[in-house]
Amino acid sequence: MDTHSSIIIYNVTVYSENQTLKNGYIKLTNKKITEIGEIHQYVRQPKDHVIELSPSYKVIPGAIDVHIHGVNNADAMDGTAEALKTMARTLPKEGTTSFLATTMTQSNKAVEKALRNAGAYIEEQTDADAEVVGIHLEGPFISPKRAGAQPPTHIQDPNVALFQEWQKAAGGHIKLVTLAPELPNGLALTSYLKETNVVASIGHSDSTYDQVGEAIEAGASHITHLYNGMRGLHHREPGVLGAAYLRDELFVELITDGIHCRPEMVKLAYDQITSERMILITDSLRAKWLKNGTYDLGGQPVHVNDTTATLADGTLAGSILKMNDAIKNTMSFTNCSLEDIVKMTAENPAKQLNLFDTKGSLKIGKDADIVVLNENLDVEMTFCRGTLSFQKED
């Protein structure tokens, strides 16, 4: 196809920023969305490449996965450009067009290596793949009581000076930090993150409800994987979970594989938090898109069996959830609409990461990060900044 031509996805249901068009079209030119309208408004140009489908096909903005460690035998902690390239090439298959390369609790040296690598990759990446829009530093500033699958030997108290070193190593690309604000210096780091436009997320935390309130005052605005790695809900101590339900200042991540939390708890969270504040994540490992077997997570063996990834002692260790399955599961568990899904997979993460001027919705002038779903909500095509990055085989 002529690189100067436009791509038109025609006769589809378009979930644009402000309305849903049942018999619509969307035009992609030079990496951007250049037209959205109803099919009778479309005027064909000589170099237009028209992909005609049917209104049972749905066009939505690409998902932004703010919490993903790995996929297809690659992990952000591998510290290689090849690993991030593999992730970026694989994720369009599940409808993800942008993501935060997510680290985990390891030695300072290993974390710094991963950060340097991700920072360099972000500067050099191409348009054909899912875009690494930043780095999510998960740990090591977390509570030993709520370590989950994070190796306890490398957990340490929050440290502003160390974070500054790491942010420099990452070329300024750390966009989100998971920490336990109740630890010594936790509020100081939270305040520093807020001052430097980095999202401070409460996770792997034993904070009380009141301590979460103090963290919000200091600048926290996010909750890492709701239910998992946090103080739960008690009628005399609402904990991190109660704060996630009740505090409107917080965006809240959720892993909707039906394993990290039961479907009923997904519905409970959705009914309380709503699509206004929920963000769907995968928190996936290198084992996603691979066969059952034993894989590595931070030097620990992880056993993968069909739907579940666990450490030797049975501790849940991330997921093998695909974003497209997260969408289907969430709709099944909560009866939410596809419009709600668009908020939870694209709009909310884009707003949280301060990217909504270019990503997170289908609007003229924004990046052409677009996913075409069929009537079964399977991914048919994914465009990353206007380039066809994935097409389902018949």
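Residues numbered from 1 in each chain as written. Predicted model: local features only at pLDDT ≥ 70, side-chain atom pairs only at ≥ 80, totals over all residues. Heavy atoms only, no water.

**Looking at the pairing of strand β5 (residues 58-61)**
For clarity, the cut-off: Burial status follows relative accessibility: with a 1.4 Å probe on protein chains alone, a residue under 20% of its type maximum counts as buried, one over 50% as exposed, and anything between as partly exposed. Put simply, DSSP H or I for four residues or longer makes a helix, DSSP E for two residues or longer makes a strand, and each gets a number counted from the N terminus. Being paired, for any two strands, means DSSP has found at least two bridges between them.
Residues Lys58 and Ile60 line one face of β5 and the alternating positions Val59 and Pro61 line the opposite face, and both faces are buried. Here two bridges tie strand β1 (residues 7-15) to β5, and the two strands are oriented parallel to one another. The residue bridging Thr13 from the neighbouring strand is Lys58, located in β5.

**A word on helix α5 (residues 209-218)**
Heads up, the rule is: In this description, contact between two residues means that some pair of their heavy atoms is separated by no more than 4.5 Å.
Taken together, the buried positions of α5 are occupied by Val212, Gly213, Ala215, Ile216 and Ala218. Its buried side turned inward, α5 meets α4 (186-195), β12 (199-202) and α6 (239-246).

**Section: the UniProt feature "binding site: substrate" (unreviewed entry) in the chain**
The condition is simple: UniProt positions are given in the numbering used here, feature names are shortened, and annotations may be inferred rather than shown by experiment.
UniProt annotation of "binding site: substrate" (unreviewed entry) refers to Ala149, Asn228, Gly229, Arg236, His260, Leu316, Ala317 and Gly318 when read in the numbering used here. In sequence the annotated residues extend across 170 residues, and in space they extend as well, their farthest C-alpha pair lying 30.0 Å apart. Discounting chain neighbours no more than four positions away, the residues touching Leu316 are Ala149, Ile259, His260, Thr308, Ala309 and Thr310. For Gly318, the residues in contact, after removing those within four places along its chain, are His260, Asp283, Leu285 and Ala309.

**Remarks on the environment of Asn11**
Counting through the fold element by element, Asn11 comes out in strand β1. Judged by relative accessible area, Asn11 falls into the buried class, the value being 13%. In sequence terms Asn11 and Lys22 are eleven residues apart; their C-alpha atoms lie 8.2 Å from each other. Leaving out residues up to four positions away in the same chain, Asn11 has contacts with Asn23, Gly24, Ile39, Glu52, Leu53, Ser54 and Pro55.

**Regarding the UniProt feature "active site" (unreviewed entry) in the chain**
The feature "active site" (unreviewed entry), as annotated in UniProt, sits at Asp283 in this numbering. Turning to its location among the elements, Asp283 is positioned in the loop between β15 (278-281) and β16 (293-297). By relative accessible area, Asp283 is classed as buried at 6%. Discounting residues that sit within four places of it in the chain, Asp283 has contacts with His67, Ile68, His69, Glu138, His225, Ile255, Gly318 and Ser319.

**Focus on the sheet that holds strand β13 (residues 222-223)**
Quick reminder of the rule: Lines are fitted to the C-alpha atoms to define the axes, a helix being fitted only along its stretch in contact, and any angle between axes, read from their N-to-C directions, falls within 0 to 180 degrees.
Spatial ordering of the open sheet is given by β6-β9-β10-β11-β12-β13-β14-β15, a layout of eight strands whose pairing is parallel. The two strands at the open ends of the sheet, each matched to only one other strand, are β6 (63-68) and β15. Relative to β12, strand β11 (residues 174-179) is paired through four bridges, and the arrangement is parallel. Along β12, the bridge assignment pairs Thr178 with Ser201. Running over the sheet, helix α9 (residues 338-352) touches β6, β12, β13, β14 (251-255) and β15 and is turned about 100° from β15.

**Considering the domain arrangement of the chain**
Which entries qualify depends on this criterion: For the purposes of this description, domain bounds are those given by an automatic or database domain assignment. Summed over both partners, the accessible area lost on bringing two parts together, with a 1.4 Å probe, is the buried area. By convention in these notes, a salt bridge is any Lys or Arg side-chain nitrogen within 4 Å of a carboxyl oxygen on Asp or Glu. For the purposes of these results, a polar contact is taken to be a pair of N or O atoms within 3.5 Å, where, inside protein, one atom must be able to donate a hydrogen and its partner to accept one; residues adjacent in sequence count only when each atom of the pair is a side-chain atom. Gly falls in the polar group here, along with every residue not listed as nonpolar (Ala, Val, Leu, Ile, Met, Phe, Trp, Tyr, Cys, Pro) or charged (Asp, Glu, Lys, Arg).
Segmenting the chain into domains produces domain 1 (6-60 + 362-391) and domain 2 (62-353). Between the C-alpha centres of domain 1 and domain 2 there is a distance of 30 Å. Interface area, domain 1 with domain 2, both sides summed: about 1,700 Å², of which 58% is carbon and sulfur. Considering only the surface of domain 1 that becomes buried against domain 2, Ile60, Leu377 and Arg385 emerge as the three largest contributors, covering 33% of it. Among the salt bridges present, the one from Lys328 reaches Asp378, with a minimum N-O distance of 2.5 Å. Along the contact surface separating domain 1 from domain 2 lie eleven residue pairs in polar contact (both at pLDDT 80 or more). Contributing elements (two or more residues each) for the side of domain 1 that touches domain 2: β5, β19 (370-373), β20 (379-384) and β21 (387-391). It is β20 that contributes the most residues to the side of domain 1 that touches domain 2, four residues altogether. Of the residues assigned to the side of domain 1 that touches domain 2, the class counts are ten nonpolar, five polar and five charged.

**Looking at the packing of α6 against helix α7 (residues 263-273)**
Where we set the bar: In what follows, roughly perpendicular refers to angles from 65 to 115 degrees, roughly parallel to angles under 35, roughly antiparallel to angles over 145, and oblique to any angle outside these ranges.
With their axes 8 Å apart at the nearest point, α6 and α7 run at an angle of 45° to one another. Classified by the angle between their axes, α6 and α7 sit oblique to one another. Two secondary-structure elements touch here, α6 through Ala244, Tyr245 and Leu246 and α7 through Met265, Leu268, Ala269, Gln272 and Ile273.

**A look at the sheet that holds β16**
If you walk across this open sheet you meet the three strands as β16-β17-β18, and the pairing is antiparallel. A single partner strand is all that each edge strand has here, and the edge strands are β16 and β18 (308-310). Put simply, the sheet's adjacent strands are angled 30° from each other on average, direction ignored. The pairing of strand β17 (residues 300-305) with β18 spans three bridges and is antiparallel.

**Quick look at the environment of Gly172**
Its place among the elements puts Gly172 in the loop between α3 (160-169) and β11. Classification of Gly172 as partly exposed rests on a relative accessible area of 34%. It is 42 Å that separates the C-alpha atoms of Gly172 and Asp394, two residues lying 222 residues apart in sequence.

**Focus on the pattern of salt bridges**
On inspection of all chains with the given rule, the structure shows 26 salt bridges. Where Lys27 meets Asp48, a salt bridge forms, and the shortest distance between an N and an O atom there is 3.7 Å. Taken together, the residues span a long stretch of sequence, with Lys27 in strand β2 (residues 20-29) and Asp48 in the loop between β3 (32-38) and β4 (49-52) at a distance of 21 residues. Asp48 matches Lys27 in its accessibility class, with the two residues each being buried. The residue Lys32 makes a salt bridge to Asp367 at a minimum N-O spacing of 2.5 Å. One end of the pair, Lys32, is in strand β3; the other, Asp367, is in the loop between α9 and β19, and 335 residues separate them in sequence. Taking the relative accessible area as the measure of exposure, Asp367 reaches 11% and is therefore buried. Because the salt bridges share partners, they merge into one network encompassing Lys31, Lys32, Asp127, Glu131, Lys359, Asp367, Asp369 and Arg385.

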